Amino acid sequence: ALDLGAEAHKAVRGIAAFLVDHNAGRDEATFLSFLGRLAAVNAGPALMAVRAGALIVPTAMIRMEEGSYVQHFGEPLDTMRLEGSREDRVRAAAL
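Residues numbered from 1 in each chain as written. Predicted model: local features only at pLDDT ≥ 70, side-chain atom pairs only at ≥ 80, totals over all residues. Heavy atoms only, no water.

**Concerning the confidence of the model for the protein**
Just so we agree on the cut-off: Within a predicted model, pLDDT stands for the predictor's per-residue confidence, ranging from 0 to 100. Counting from the N terminus, the helices are DSSP H or I runs at least four residues long and the strands are E runs at least two residues long.
Model confidence for the protein is summarised by a mean pLDDT of 80, while 80% of its residues fall at 70 or above. Confidence, expressed as mean pLDDT per element, reaches its minimum in the protein at helix H1 (residues 6-11) with 56 and its maximum at strand E5 (residues 69-73) with 91.

This is the structure we're talking about:
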């Protein structure tokens, strides 16, 4: 289970989940390094997280050989602690 701490639990008013895929359309993309290659990323979910001051919890589901899935959670990113311009913070959140 993911433990965000008591203070984070008090601050949570709701949860929004976004499936973010790479190779967004070039006209709406932010270009970031992904697995060593430049990828077009839709920055919309990152922009919303920065504007809301939300925690971002990266997660991935890995398909196992027998067909089951294992879900992995990364370290939460507190967008309120990001520094720089809004564009800098959105790029950092989109990574």
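**Regarding the pairing of strand E4 (residues 59-63)**
This is how it is decided: The pairing criterion is simple: DSSP has to find at least two bridges between the two strands.
As defined by bridge partners, E4 adjoins E5 across five bridges and the pair is classed as antiparallel. The residue of E5 that forms the bridge with alanine 60 is histidine 72. Counting the residues in the hairpin turn of E4 and E5 gives five residues, including glycine 67, whose phi is positive at 100 degrees.

**Some details on helix H2 (residues 44-52)**
Filter applied, for reference: Only protein chains enter the calculation, and the probe is 1.4 Å; a residue is then buried if its accessible area is under 20% of its type maximum, exposed if over 50%, and partly exposed in between. For this quantity, the arc is that covered by the directions from the helix axis to the C-beta atoms.
Among all positions of H2, only Ala46, Ala49 and Val50 are buried. Summarising the axial view, the buried residues of H2 lie within an arc of 95 degrees, below the 170-degree limit, and thus occupy one face. More than 90 degrees from the buried face of H2, the exposed residues found are Arg51 and Ala52.

**Let's talk about a nonpolar patch on the surface**
Stated formally: Residues enter patches when they are more than 30% accessible in relative terms and free of salt bridges; like-charged ones are connected within 9 Å and nonpolar ones (Val, Leu, Ile, Met, Phe, Trp, Tyr) within 5 Å. The protein chains shown are the only cover counted for residues, whose accessible areas, like all others here, come from Shrake-Rupley with a 1.4 Å probe. Note on definitions: salt bridges are taken to be side-chain nitrogens of Lys or Arg within 4 Å of carboxyl oxygens of Asp or Glu.
Taken together, the side chains of Ile62, Met64 and Val70 present a nonpolar region at the surface, about 210 Å² in accessible area. Here methionine 64 shows up in the loop between E4 and E5. On the accessibility criterion, methionine 64 (34% relative accessible area) is partly exposed.

**Details of the pattern of salt bridges**
Inspection of the entire model under this criterion finds one salt bridge. Between arginine 81 and aspartate 78 there is a salt bridge, with the nearest N and O atoms lying 3.5 Å from each other. Residue classification places arginine 81 among the exposed positions, given a relative accessible area of 69%. The class for aspartate 78 is partly exposed, based on a relative accessible area of 24%.

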